[in-house]
Structures are given as C-alpha cells and as structure tokens.
Amino acid sequence: YVKNGYITTCSYERPHYKIKAKDIYIYPKDKVVAKDIIFYWGDVPLFYWPRYTKSLKDKRSPWTVVPGRDSKLGAFLLIGYSMWWDNFLGGKFEPTVRTDWYEKRGLGTGVSGKYSYKDKIRSFIQSYVINDKAYKKNGKEETKLRGRFSIDWVQRIKQDIRAIVKISKLSDKKIVYDFSRDEFYDNIQRENYIDISKTTSSYQLDFILKGRLNNFYNVLKRLPDLSLHILQRRIGNTRFLYQGSARAGYLRKQFADSSTSEDYDSFRFDTTHQIWYPKKYF
C-alpha cells in the first residue's frame, strides 16, 4: 500500500510531469489499483480519474513517445499514455492521455479513448486543446486557443435496429490538419448527424437527421430525411418480382459564413417501383 504516491519518467528532482494517486494498492504479479488520480504538468493539475486498475500480467507498454521536427511546428515531442479499463460502466474503455510540445506552437493536451459494451456499443471519443502561438489569420500570426471535440458512436438498439451518432465540434477549419494530419486526409470535412436504421429480410428503413456545428463548412442539412427500401421479393405465388423505394425529407443547403451564396431549402419526395418477370429461353 502506498499513500500519496506518484509515477514519472522525468529524472529531475522536481519532475516536469507526474501522475499522482491518493491511494495505491499493489498486488504482486497480479495488478495495481489506484484511487483519486491526478495528472500534473509541473504544479498544474490537468486531469482527474476516480479509479484505475492496471494488470501486471499485461505486457503492453502504456507509453508512446514521438520526437521530431517540422517546418511549421518546429521541434516537437508527442507523449501519449494509454490505459486499459476492463470494467468501466459495464464495458471496456481504453483512454489515452496526450501531451504534445511544439517549439513554434506551444503546449497541447487532450484525451481520446475507445469504449465498447458487449456487442452492443462501439464508440470513439476525441478531445484536444492548444494555445497556439503561431495561428495565422489574414496572413498574420497571433495567439489563439484552439481545440476540438468529437464522438463516433455506434449502438445496436435491437437485433434489427442500429443507431449511428457522429458529433464533431472544431474551433477552426485547420485544427485537424495542423495537429492530426493523417486523420485529416481520411476525413477532410467533419460531419454531424444521427442515423437510425431498421433492417429486416424484407425492407430497410432509415431515419437521418443531419445538422451543422461548424459554420466554416458548406453543409446539406437533412431535417429530417426518411427513406424506405423494399428488397426484391416475389409477388404471391407468381414469377413476378417486385422491388421499390421511397424517400422524403426537408433539405437545407447552408453555406459557410465566409461565402457570399445565399442559403436555400426545399422539401423533396421521390419513389421508385419496379416489377419484372424473368424468363429463360432455350
């Protein structure tokens, strides 16, 4: 048992950073349980966790350290600390605390994590904030507090009903490009929507509600959009086949605040029905 203990990889007498816990219980060759944990950068508390359990049987390293240099960022040091919580709200949570130092931009920090609950929930949460010393606006550099927060959530409500929720709030258009470039190229424009679908052997029903949280993007809002797709099926005992679809929605095209184009909206409905009779010759 350790009271008010801490861990750090900094070799200075007064560590630059440390993770401190009020109570630490060590079970040799089994696990470590810590309570009331605070991550400090110098004397500044940045994050708090009520409880953390670390298996001593797990050989995965929790630390990720990436040094480097970039023409726009200068020299940098990216530090990540990962944890694996096997019983968090009934599921598994794998958070990573990220602390980045950039010579030209300053200090950034954030938390990301994957959460899963049995085979019902899969989610990914990201947050990041940096007081950027070299943010460019109209060709001039200034200091600006920049950040992001996003949630990707997939949940199976019932065996045939699934919900997808995507929420992304950015301080500016370039925050992802500047500090998570690989992610930027995978998904250049962040979207915000809710998609609930019911899929059976006969049809698929979709309800989509799509809005905008970042006013520097052009977005086609769906407020809402409902669609029904009837899968191919035989008509009675005949050889005639039927397939159809119908879609209705209130759509609004909203342009970025910097655009001179005017927003416009419309209600749209369309439907398609097909009947055919297959026949084999020779």
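Above this text you will find the structure in question.
Residues numbered from 1 in each chain as written. Predicted model: local features only at pLDDT ≥ 70, side-chain atom pairs only at ≥ 80, totals over all residues. Heavy atoms only, no water.

Caption draft 1: Region of interest: the overall build of the protein chain. Along its length, the protein chain carries two helices and 17 strands. Seen along its three principal axes, the alpha-carbon backbone of the protein chain occupies a region of about 85 × 55 × 40 Å. Here the contacts in the protein chain between residues at least 6 apart in sequence split such that 41% fall between residues at least 24 apart. Counting every atom, the protein chain has about 18,500 Å² of accessible surface; 55% of that belongs to carbon and sulfur. (Helix = DSSP H or I, 4+ residues; strand = E, 2+ residues; numbered from the N terminus. Contact = heavy atoms within 4.5 Å. Areas by Shrake-Rupley, 256 points an atom, 1.4 Å probe, with all protein chains shown as cover.)

Caption draft 2: Broad picture of the packing of aromatic side chains. All chains considered together, the criterion is met by 17 aromatic pairs. Judged by centre distance (5.7 Å) and plane angle (20°), the rings of Tyr17 and Trp41 are stacked. Of this pair, Tyr17 sits in strand β2 (residues 17-27) while Trp41 sits in strand β3 (residues 31-41), and the two are 24 residues apart along the sequence. Put simply, the rings of Tyr52, Trp85, Phe88, Phe93, Tyr115 and Trp153 touch in pairs and so form one group of aromatic residues. Sitting over the face of the ring of Tyr40, Lys18 holds its NZ or CZ atom 5.8 Å from the ring centroid. One Lys or Arg, Arg239, reaches over the ring of Tyr277 and ends 5.8 Å from the middle of that ring. (Phe/Tyr/Trp six-rings, centres within 6.5 Å; stacked < 30°, edge-to-face > 60°. Lys NZ or Arg CZ within 6 Å of the ring centre and 35° of its normal.)

Caption draft 3: Representation of unusual backbone geometry within the structure. Omega for the bond connecting Leu223 with Pro224 falls within 30 degrees of zero, at -10°, which places this linkage in the cis form. Here the phi dihedral of Asn4 falls at roughly 55°; this positive angle occurs in a residue that is not glycine. By the secondary structure assignment, Asn4 is in strand β1 (residues 2-7). Non-glycine residue Leu89 carries a positive phi angle of around 55°. Mapped onto the fold, Leu89 is located in the loop between β7 (85-88) and β8 (91-102).

Caption draft 4: Up close: the nonpolar core. By size, the foremost hydrophobic cluster in this structure holds 17 residues, and its most contacted members are Ile37, Trp49, Tyr52, Met83 and Trp85. For this core, the secondary-structure elements that each account for two or more residues are β2, β3, β4 (44-55) and β8. Apart from residues no more than four positions distant in its own chain, Trp49 is found in contact with Asp36, Ile37, Phe39, Met83, Trp85 and Val97. Residues Leu73, Tyr102, Tyr128 and Ile130 belong to the second largest nonpolar core, which totals 13 residues. (Core = buried A, V, L, I, M, F, W, Y, C linked by side-chain atoms within 4.5 Å. Buried < 20%, exposed > 50% of the residue type's maximum accessible area, 1.4 Å probe, protein only.)

Caption draft 5: Spotlight on the environment of Arg148. Inspection of the secondary structure puts Arg148 in strand β11 (residues 140-158). A relative accessible area of 8% places Arg148 in the buried class. If near-sequence neighbours (up to four positions away) are discounted, Arg148 is found in contact with Gln126, Ser127, Tyr128, Lys169, Leu170, Val176, Ser180, Glu183 and Arg190. Here the side chain of Arg148 touches Gln126 through a polar contact of 3.1 Å, side chain to side chain. (Polar contact = N/O pair within 3.5 Å; in protein donor to acceptor, adjacent residues only side chain to side chain.)

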